[in-house]
Protein chains: 2
Amino acid sequence: MLKMTSSNPTLSERQAPNMYAPLQNDTFIRACMRQATTHTPVWLMRQAGRYLPEYRDTRAKAGSFMGLATNTDYATEVTLQPLERYKLDAAILFSDILTIPDAMGLGLSFALGEGPKFAHKVRDEAAVSKLAVPDMAKLRYVFDAVSSIRKALHGRVPLIGFSGSPWTLACYMVEGAGSDDYRLVKTMMYQRPDLMHKMLAINADSVAAYLNAQIDAGAQAVMIFDSWGGVLADAAFHEFSLVYTARVLAQLKRSHDGVVIPRLVFTKGGGLWLEAMGQLDCEVLGLDWTVNLGKARAQVGHKMALQGNLDPNVLFANPAQVEAEAVKVLDSFGKPHTDAQTTGPTHIFNLGHGISQFTPPENVAVLVDAVHAHSRKMRAAAA
Amino acid sequence: MLKMTSSNPTLSERQAPNMYAPLQNDTFIRACMRQATTHTPVWLMRQAGRYLPEYRDTRAKAGSFMGLATNTDYATEVTLQPLERYKLDAAILFSDILTIPDAMGLGLSFALGEGPKFAHKVRDEAAVSKLAVPDMAKLRYVFDAVSSIRKALHGRVPLIGFSGSPWTLACYMVEGAGSDDYRLVKTMMYQRPDLMHKMLAINADSVAAYLNAQIDAGAQAVMIFDSWGGVLADAAFHEFSLVYTARVLAQLKRSHDGVVIPRLVFTKGGGLWLEAMGQLDCEVLGLDWTVNLGKARAQVGHKMALQGNLDPNVLFANPAQVEAEAVKVLDSFGKPHTDAQTTGPTHIFNLGHGISQFTPPENVAVLVDAVHAHSRKMRAAAA
């Protein structure tokens, strides 16, 4: 595991002894820190989810999505399910990107087969003026889940914590649900930028406190999902999304118990803004499938690791085609960094978006194995 | 009006005398051809539409969307409605991007308040093998509308014809309707690229024949809407969308009756691929609001005119804010081309997507007037 050179690990370990098992597979963390690895690590957004029959069984027992997310045992169970099937290099907390507005009192729910819905919407000055950074005690179920999962992992792979970005939270808080056109949130943004900035500042400080509490509870990396940054106009993205992602990053802990905590940022549809995103104070940029990894590497690869970016729909093809498309993504990133003495451009394999609920589970095994096998071959060829 | 230097206008005019009134406002056509204009021309995607009460009245009389589109008088009436209200610099045929698959026999319909639906889907080899370029006689209602509108315009502004792109047609033909994830069409694309290529070739040849017939009927410019090109992965966009847009362009008439017919291509979400799109054999690239016009101009502006790209949601702000955002878009494109002796970078103002049905009509007047006023000021300052 990585140690912070600027801290005193012995001292910090004495102050807060690490109660968890040592990390056996640190490939994901090393790749986040742009260190050479023996293969390209792979995990999948929404890897614990509806495409797995065992997930559907647990969800049926829990009764609802929030029933699942708020129950420590169930959240632990489903987080580990994909690791039992596939040789994934990271686990990600089972939760939702919208827990913070729920803790603010907006009333999050998920009807079966539908997206998130909020009982209360934030659409005017009165509603914005009532917003505040929520008491983190209301999110204790998340931190308990993080600790429980971390313990259950026994150091097999690192655990990633996460949150929605300030802008993405604002989208749902104003719209009250998903949207085709983001008309209501953009109306507020264009008509009352003062209100929008006020909401985004509160969201940013909330996300920072939330992710720091996840780190305290045991998250070994944290990721900010800017799922709806890509719906913004060029100038508006910089003013209303990127600035507030940066505000979160500036407040995040850089390490815990003397161990570095990598920070990942994923803006769906953010490919046009890689130059600006390359200036963020984080370790990894997530990319969707519209981006050419080779070009992205040329733009930002020397400063950050890149994560992505297979189209999740590839998993509906035949196994040989899944393998071929995985190889194309690895090859598009290009020659792996193999020098153990230096940092260099590194790639973390992922989908460009969450895995579809209709995915045949057997194709995920094909994908994970193909990434490991081909990325090892690439390193052998590069050596 | 522009004359083709390579043709003999006197001869072609004698063979097919132009039966329409001469064009009084050729600003849009001149900007398409990268010629200097006194102001930046403006028109709006879906400018004849549900946000106008007079449109809703006509649609109520017609009974359905297809009832409206297939009736020459109604189609003419609604096409001209926005020109009565606003000083727009172009008219666009009232029709739908999906008329071709309807003429192929797939059965297009629109339930009130919903998107397009096809009765028959193209999801397997048998269905693809039945596809062929449709008899253009089945689309005569479109060509009749073009001629009727062109006549009714009396040369006020040019008339734009259009079609969906081969890829966008394929999306609807496979999915049968709009989609969140394009799972079915992408499954066919990844699993059976041979079938997808076959369908796209037929679509491309159909679109070319369709647009050429619109040109014959009186369309003075034609636009290809690649509404769903942006959902494709980087490599797939080039292979399954761009190649077939190019195949359409290669077959399009360059002039009619000795007059140049500009060709416009708009890929929603295509900002990452401007370098490749800048190589297309067309006159204008349409851009959505995620693109920075100044950067796009630096990439392709010397070869093509650029069209766009205000976020349609700006029209929900207050008039002063609408005006300010319009000015920002004009300024982001930068210094206008003012030399009457040469061609140079030109901008056609538009939204980055179709206007929302919820738009307050009075804000459209504010927008159009702001574009005209500020773009005239920019020219005065540049001179």
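Residues numbered from 1 in each chain as written. Chains lettered and ligands numbered in written order. Predicted model: local features only at pLDDT ≥ 70, side-chain atom pairs only at ≥ 80, totals over all residues.

Undergrad: Quick question: what am I supposed to make of the overall build of chain A here?
TA: Within chain A one finds 16 helices and eleven strands. Against the globule reference of 21 Å for 383 residues, chain A gives a C-alpha radius of gyration of 20 Å, in line with a compact fold. Projected onto the principal axes, the alpha-carbon positions of chain A cover approximately 60 × 45 × 45 Å. Expressed as a percentage of its 383 residues, the buried residues of chain A come to 55%. When contacts within chain A are restricted to residue pairs at least 6 apart in sequence, long-range pairs at least 24 apart make up 73% of them. (Helix = DSSP H or I, 4+ residues; strand = E, 2+ residues; numbered from the N terminus. Rg over C-alpha atoms; globule rule 2.2 N^0.38 Å. Buried ≥ 20, exposed ≤ 12 C-beta atoms within 10 Å, placed from the backbone. Contact = placed C-beta atoms within 7 Å.)

Undergrad: How should the nonpolar core be read in this particular structure?
TA: Note on soluble globular proteins: their nonpolar side chains tend to be buried together. One finds A:Leu93, A:Ile160, A:Ala170, A:Met199, B:Leu93, B:Ile160 and B:Ala170 to be the most contacted residues of the largest nonpolar core, which totals 254 residues. Ranked by residues supplied to this core, first place goes to helix α11 (residues 193–217) of chain A with twelve residues. (Core = buried A, V, L, I, M, F, W, Y, C linked by C-beta atoms within 7 Å.)

Undergrad: Would you explain the relation of the copies chain A and chain B in this entry?
TA: With an RMSD of 0.0 Å, the fit of chain A onto chain B corresponds to turning through 180 degrees and sliding 0.0 Å along the axis. Both chain copies can therefore be described as sitting about a two-fold axis. Across chain A, the smallest distance between a C-alpha and the rotation axis is recorded for A:Leu272, namely 3.0 Å. Most of the interface of chain A is mirrored in chain B, where 100% of its interface residues are also at the interface. (Least-squares fit on C-alpha atoms with pLDDT ≥ 70 in both.)

Undergrad: How should I be thinking about the environment of A:Lys198 in this particular structure?
TA: In this structure, A:Lys198 sits in helix α11. Between the C-alpha atoms of A:Lys198 and A:Leu293, which are 95 residues apart in sequence, the distance is 35 Å.

Undergrad: Would you mind going over the interface of chain A and chain B with me for this structure?
TA: Interface size, as often reported, equals the accessible area lost upon joining of the parts. On the side of chain B, 28 residues touch chain A, which itself brings 28 residues to the contact. At the level of secondary structure, the elements contributing two or more residues to the side of chain A that touches chain B comprise α10 (183–191), α12 (234–251) and α15 (319–333) of chain A. Considering each element in turn, the side of chain A that touches chain B owes the most residues, five residues, to α10(A). The class makeup of the residues in the side of chain A that touches chain B is eleven nonpolar, ten polar and seven charged. (Nonpolar A, V, L, I, M, F, W, Y, C, P; charged D, E, K, R; others polar.)

Undergrad: So what exactly am I meant to see when it comes to the packing of helix α9 (residues 166–175) of chain B against helix α10 (residues 183–191) of chain B here?
TA: For any two helices packed against each other, the geometry is given by the interaxial angle and the distance between the axes. All names here are of chain B. At their nearest, the axes of α9 and α10 sit 8 Å apart, and the two run at 105 degrees to each other. Judged by the angle between their axes, α9 and α10 are roughly perpendicular. Between α9, through Ala170, Cys171, Val174 and Glu175, and α10, the contact on the second element is made entirely by Leu184, Val185 and Met188. Within the contact of α9 with α10, the residues separate by chemical class into six nonpolar, no polar and one charged. (Axes fitted to C-alpha atoms, helices over the stretch in contact; angles between N-to-C directions. Parallel < 35°, antiparallel > 145°, perpendicular 65-115°, else oblique.)

Undergrad: Teacher, can you tell me more about the sheet that holds strand β4 (residues 159–164) of chain A here?
TA: Two orientations exist for strands paired in a sheet by backbone hydrogen bonds: parallel and antiparallel. All names here are of chain A. Read from one edge of the open sheet, seven strands run β1-β4-β5-β8-β9-β10-β11, paired in parallel fashion. The open sheet is flanked by β1 (91–92) and β11 (347–351), the only strands paired with a single partner. Sheet topology note: the β4/strand β5 (residues 221–226) ladder contains five bridges and is parallel. Following the sheet pairing, Phe162 is matched in β5 by Met223. Packed onto the sheet, α12 meets β5 and β8 (263–267) and runs at close to 165 degrees relative to β5. Strands β10 (305–310) and β11 of the sheet are contacted by α15, whose axis makes an angle of about 150 degrees with β10. (Pairing = 2+ DSSP bridges.)

Undergrad: I would appreciate a short explanation of the sheet that holds strand β1 (residues 91–92) of chain B in the present structure.
TA: Residues and elements named next belong to chain B. The seven strands lie next to each other as β1-β4-β5-β8-β9-β10-β11, forming an open sheet whose pairing is parallel. If you trace the sheet from one side to the other, it starts and ends with β1 and β11 (347–351), each paired once. Relative to strand β4 (residues 159–164), β1 runs parallel, the two sharing two bridges. From the neighbouring strand, Ala91 faces β4, where its bridge partner is Leu159.

Undergrad: How do you make sense of the packing of α9(B) against helix α11 (residues 193–217) of chain B when you look at a structure like this?
TA: All names here are of chain B. At a minimum axis separation of 8 Å, α9 and α11 run at an interaxial angle of 120 degrees. Relative to α11, α9 is oriented oblique. When the axes of α9 and α11 are compared, the crossing they make is right-handed. Between α9 and α11, the contacting residues are Pro166, Trp167, Leu169, Ala170 and Met173 on the first element and Met196, Met199, Leu200, Asn203, Ala204 and Val207 on the second. (Left-handed = near helix turned anticlockwise from the far one by under 90°.)

Undergrad: Any chance you could explain the confidence of the model for chain A here in plain terms?
TA: All names here are of chain A. For chain A, per-residue confidence averages 94 on the pLDDT scale, and 95% of positions sit at 70 or higher. Considering only residues more than four positions removed or in separate chains, one finds that residues 1–17, a stretch of pLDDT under 50, has 24 contacts. Interface predicted TM-score (ipTM) for the complex: 0.92; the corresponding pTM is 0.94. (pLDDT = per-residue confidence, 0-100.)

Undergrad: Explain the environment of B:Thr245 to me, please; I cannot follow it from the model alone.
TA: Residues and elements named next belong to chain B. Following the sequence through the fold, Thr245 ends up in helix α12 (residues 234–251). Here Thr245 falls in the buried class, since 25 other C-beta atoms lie within 10 Å of it. Sequence spacing of Thr245 and Ile224 is 21 residues, and the spatial spacing of their C-alpha atoms is 7.8 Å.

Undergrad: Explain the pairing of strand β8 (residues 263–267) of chain B to me, please; I cannot follow it from the model alone.
TA: In summary, the side chains of a regular strand alternate between the two faces of the sheet. Residues and elements named next belong to chain B. Here β8 lies mainly inside the structure; five of its five residues are buried. Because side chains alternate across β8, one face comprises the buried residues Arg263, Val265 and Thr267, and the other comprises Leu264 and Phe266, equally buried. Pairing of strand β5 (residues 221–226) with β8, which is carried by five bridges, proceeds in the parallel orientation. The residue of β8 that forms the bridge with Ile224 is Val265. Looking at chain direction, β8 and strand β9 (residues 284–286) are connected through three bridges and run parallel. If you follow Phe266 over to β9, its bridge partner there is Gly286.

Undergrad: Just checking my understanding: could you explain helix α6 (residues 99–106) of chain B for this structure?
TA: The periodicity of an α-helix, 3.6 residues per turn, causes residues three or four positions apart to be oriented the same way. Residue and element names in this part refer to chain B. By the criterion of burial, α6 is predominantly enclosed, with seven of the eight residues buried. All of the buried residues along α6 are Thr99, Ile100, Pro101, Asp102, Ala103, Met104 and Leu106. In this fold, the buried residues of α6 make contact with β2 (108–110), β3 (116–118), α8 (140–153), β4, α9 and α11. One or two residues past the end of α6 sits Gly107, with phi positive at roughly 75 degrees.

Undergrad: Please clarify how unusual backbone geometry should be interpreted in this entry.
TA: Residues and elements named next belong to chain A. Here Gly308 and Asn309 are connected by a cis peptide whose omega angle stands at -5 degrees. Topologically, Asn309 is positioned in strand β10. Even without being glycine, Arg46 reaches a positive phi, approximately 65 degrees. With respect to the helices, strands and loops of the structure, Arg46 is situated in the loop between α2 (27–32) and α3 (53–62).

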